[in-house]
Structure formats: structure tokens, C-alpha cells
Amino acid sequence: LSILLSLLVPAHTSRSPDCGGILTPSGLRYLAEVSKPHAESVLRQDLMASPTPDPSPASPSSRNQITSVNVDKFSLTLVPDTGMRLSIEVDLGITSAPSTTKEMRLSILADLHVEMNPEGNLELVTSDCKPTLEEVQSTEEMDRSAPHKSSGLDVDKQINVEKICLEVSKLLLFPNERLMSLADPFPITPSCQVQYLPLAAPMYSEQGIIISLQTTFQVAGRVIPLPVSPVPFSMPEPASSSPSHLILGISEHFYTSLFSALEESGALNVSLLSSLTTATLAERITQMGSLFQEDLPVVLHAVTRSSPHVVLEEDKAIVQLFLTAQIGAGSSPFQSFLSVNVDVTARLHLSVVDTRMVISVAAVESIELSLATSDVGPVLAALLEELFLPTIREEVPAQINVVLRHGVFLPHITSFTYTDVNITIHKDYVLIPCNLQLEARTK
């Protein structure tokens, strides 16, 4: 058994979530609110279309004409452990003769849930649909005592209530197109992309719809292997109902993977121009005088020597960078005269703009310099710290912030952006409660 488990565990952990989200009941209400105009448009187009000729003998029902379709109610409610309930109430105006107008109420109840299709995308589907039709008002100039049931049946034949559920399926085409966009690749730098892949169909709790995602990073079109998180991330559910539409959760492992991907792409390799020249350096280090015939600016070419690491604590995010800097001068060729290991610990600032998280190095907390060559004495090591520490402290954060200035796209679906964002950093993860906002369409 232990051998079998040892074979299974690597395959399982390679599909480990490192971020996710909870769409809350208030988020569902907002989605229903902004979906109502689209639903009304689809139903109006289909219900007011010319009816298919009835093969049965001509009857008064064949003269019925739907002249107005207005969605009075469109709601989405959560059904814990199951899915969602869609409720639609549509007011129909029916004209069967110039002097005869009826108002009918079409009610639709449908059970919805999200599945993962064979392509690995999330898809909204119906599991049950119950339409009903009743007459609510009549302006016919006839005996009011006549029963209205027959009129209802005539209209029932006219609009074919049994096919209403097909119209509900049409309503899902648009949201499903948007759901597919969740797994689109998003750019970070010109050569680096991020992609969020759903791992399974969502779960449904009283707090909302819970989605688990795994992040992959591509460098130059190639998915780069990243260390698997030792502990799969699970979305922490709020203790009480959240007023926010959506709660995003981002694990510590995500941030470490992000910086590892930037390292792989070479984006964290920096060139630092110091305020020193070879002549001023020779005043402090006499051996320098014989290396260069002319006075040249001193440059540090820093490259990562091992993967960066991010640590999340309560209200604090720290990145640790491990660099090796070649100190030298000249451009073609660059002549290096010393190699220095640089370990930088810096505090990160997190903010959200639209659907992007902007990460910036806010303050350097510590820098450690160590000579890569062991035959240099401690006096020179101390001197190098004095000479180059200010440049490293100022330039390393500045250049990394240039790389990150456009931000990293968060998991999102097209046409929606995030507002009223509140970021809280906890040990091992970041929570981002926010509201959804449908972007205005532009022609």
C-alpha cells in the first residue's frame, strides 16, 4: 500500500490549488441584476418571432400574437450543496384581435449548476426546468364570466411552453462564453504569462460558490515547472455572510511561484549604475588603478542565483531575493573585477487596479553582501558594503518595480472588473474581498 501511495501522491499533488474564490449570495444577486436586460432581449426575440404554422385545423389560437415581453423578475439564489435556482417572471402581452388584449404571466424555475467539461472549462448547465403560464388580466369586450382557462391553453399552444427550457439554455450561452475566459492566459511581461486553471467543479455552501484554481506560468510560450505547494490551498470561508460580491484568496505559494517565473524569464536580472567611477574607486582600492586605462563608470550586473521566496505574515508580505552581482566597468566588453553575493529582504505593497494586482517593493528591510571569492579579506568586504550598499538599496527595488508596474491579472472573467477592494494579508495567504462591476459596452 505504501508503494502504491508513493506512486499516486506525486500525480495528485501536481494538480494542487494555489488560489481560488468565493462568489457570495450578494454576488449572485448582482449577476442576476446585470443579466436581466440580456435575458429580456433573448426572450423577446424568441417569443415574439413569427410562430410556426400549426398543422392542426385552423383555430382562433392561430391569430394570437405576442406583442410585448417584459421580464419583471430575474433572480439567482444559492442552494447549498446543490447549485443555484434561477427564477424568471415574464409579463406577456397577447393580442388575438384588434379589440382583444390579454396579459399573461410566464414563470420559469430552473435549477443550475456548474460542471467541468471535457476541455477543462467550467460550464453552467440546467438540471431541471419548470415553466408555468397563467392569465393575469383581460381587456376583452365580452362576458367577464367566461372562463379564462381556454385562453390560457390557446396561448400555451401558441408559445409552446414545453420549449421554453430551450430558451433558458440559450440564456446560458453568453455566461458560458464568459466562464471560458477565466482560463485565458494573461500577460505579466512581454515574455511571461499567467493562467488560472479550474481544478474541479465548484462547491456550494451557505457562504457562496467556492472555486479552486491552479496557477501556471509560461515563459516564452513554455509552461515552466514550479515546486508544488506542500499544503494545497483551500479557500477560508468567512465566519458570517460577506457583503462583498466576491472573495479572492491567493496563497503564499502563488507569490513565490510568480517571482520564480519572473526569475526564469530573466526579468529580475538588473544592471545597477553606481555613482562611482574606476578612478574614484582606485582611490579606495589601489589595485584598481592598474586595471583600467581610462576613467569609466562602475556598473553592477546582478543575476538571480537561486529562486526568490515570498513570506506572508499578518499584515505583512516579504520577498527574499538572492542575487550575484558582477562589479566591473566598460560596455563592450564588460570587464568584471569582483563578484558579490547580494541577499535582499524587502517588504511588498499590494493593491488592486481593475482586475490586476499591483505588487511593488515598498521598502528594503535588509541587505547582506558577501564576496563570492574567499581570498578577499574582511576589510575589503566592509569597504564594498560602504561603497555599493546605497546603490543596491535604491536601484534593486526601483528596477523590480518597473518590471511589476503593470500588475498581475487576478482570476476574472471578461467584461467584469473589481471595485471596493479590501486587501488583508494573513499568514500564508491574502484575502481580497471586492465587488463586481460590469463594464460599459463600447462600440
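Residues numbered from 1 in each chain as written. Predicted model: local features only at pLDDT ≥ 70, side-chain atom pairs only at ≥ 80, totals over all residues. Heavy atoms only, no water.

As recorded by an unreviewed UniProt entry, the chain carries the name TENP protein and is attributed to Picathartes gymnocephalus.

Q: Lay out the overall build of the chain in plain terms, naming residues and giving numbers.
A: Across its full length, the chain holds 8 helices and 20 strands. Looking at the 443 residues of the chain, the share that counts as buried comes to 46%. Considering only contacts within the chain whose residues lie at least 6 apart along the sequence, 65% involve residues at least 24 apart. As displayed, the chain has an accessible area near 22600 Å², and 55% of this comes from carbon and sulfur atoms. (Helix = DSSP H or I, 4+ residues; strand = E, 2+ residues; numbered from the N terminus. Buried < 20%, exposed > 50% of the residue type's maximum accessible area, 1.4 Å probe, protein only. Contact = heavy atoms within 4.5 Å. Areas by Shrake-Rupley, 256 points an atom, 1.4 Å probe, with all protein chains shown as cover.)

Q: Talk me through the state of the cysteines; I want residue IDs and the actual numbers.
A: Inspection of every chain in the model, using the stated rule, returns 1 disulfide. A sulfur-sulfur separation of 2.1 Å characterises the disulfide bridge that pairs Cys 129 with Cys 165. Residues Cys 129 and Cys 165 are joined through a disulfide that is left-handed, its torsion about the S-S bond being -95°. Here Cys 165 lies in helix H4 (residues 164–171) and Cys 129 lies in strand S5 (residues 122–138), a separation of 36 residues in the sequence. For Cys 129, a relative accessible area of 19% translates into the label buried. (Disulfide = S-S within 2.5 Å.)

Q: For the packing of helix H2 (residues 25–47) against H4, give the residues involved together with the corresponding values.
A: Relative orientation of the contacting elements H2 and H4 amounts to 140°, with a least axis distance of 10 Å. It follows from the interaxial angle that H2 and H4 lie oblique. Once H2 is placed against H4, the crossing between them reads as right-handed. Taken together, the residues of H4 that come into contact with H2 (itself represented by His 38, Ala 39, Val 42, Leu 43, Asp 46 and Leu 47) are Ile 164, Glu 167, Lys 170 and Leu 171. The residue inventory of the contact of H2 with H4, partitioned by class, reads 6 nonpolar, 1 polar and 3 charged. (Axes fitted to C-alpha atoms, helices over the stretch in contact; angles between N-to-C directions. Parallel < 35°, antiparallel > 145°, perpendicular 65-115°, else oblique. Left-handed = near helix turned anticlockwise from the far one by under 90°. Nonpolar A, V, L, I, M, F, W, Y, C, P; charged D, E, K, R; others polar.)

Q: Explain the sheet that holds strand S12 (residues 270–277) to me, and be specific about the residues and the numbers.
A: If you trace the 6 strands from one edge of the open sheet to the other, you get S12-S13-S14-S15-S16-S17, paired in antiparallel fashion. Each edge of the open sheet is held by one strand with a lone partner, namely S12 and strand S17 (408–409). Pairing between strand S14 (residues 316–329) and strand S15 (residues 335–353): 12 bridges, direction antiparallel. Within the sheet, the bridge partner assigned to Ala 329 lies in S15 and is Gln 335. Taken strand by strand, helix H6 (residues 252–264) contacts strand S13 (297–313), S14, S15, strand S16 (356–371) and S17, and its axis lies near 160° from that of S13. (Pairing = 2+ DSSP bridges.)

Q: Let's hear about the pattern of salt bridges: which residues, and what values?
A: Applying the stated criterion across every chain, the model contains 11 salt bridges. In this structure, Asp 343 engages Arg 305 in a salt bridge whose closest nitrogen and oxygen atoms are separated by 2.7 Å. One end of the pair, Asp 343, is in strand S15; the other, Arg 305, is in strand S13, and 38 residues separate them in sequence. (Salt bridge = Lys/Arg side-chain N within 4 Å of Asp/Glu carboxyl O.)

Q: Account for the side chain of Ser 242, naming residues and giving values.
A: For Ser 242, the location among the structural elements is in the loop between strand S10 (222–223) and strand S11 (246–251). Excluding residues within four positions of it along the chain, Ser 242 makes contact with Thr 24, Ser 26 and Ile 247.

Q: Quick rundown of the nonpolar core? Include the residues and the values.
A: Membership of the largest hydrophobic core comes to 113 residues, with the highest contact counts inside it found for Met 84, Ile 88, Tyr 255, Val 342, Phe 388 and Ile 392. When residues in this core are grouped by element, the largest group, 10 residues, is from helix H8 (residues 378–404). Summarising the domain contributions, this core has at least three residues from each of domain 1 (25–48 + 64–136 + 161–180) and domain 2 (181–426). What Phe 388 contacts, discounting residues up to four positions off in sequence, is Ser 274, Leu 276, Leu 281, Val 298, Leu 300 and Ile 327. (Core = buried A, V, L, I, M, F, W, Y, C linked by side-chain atoms within 4.5 Å. Domains from an automatic or database assignment.)

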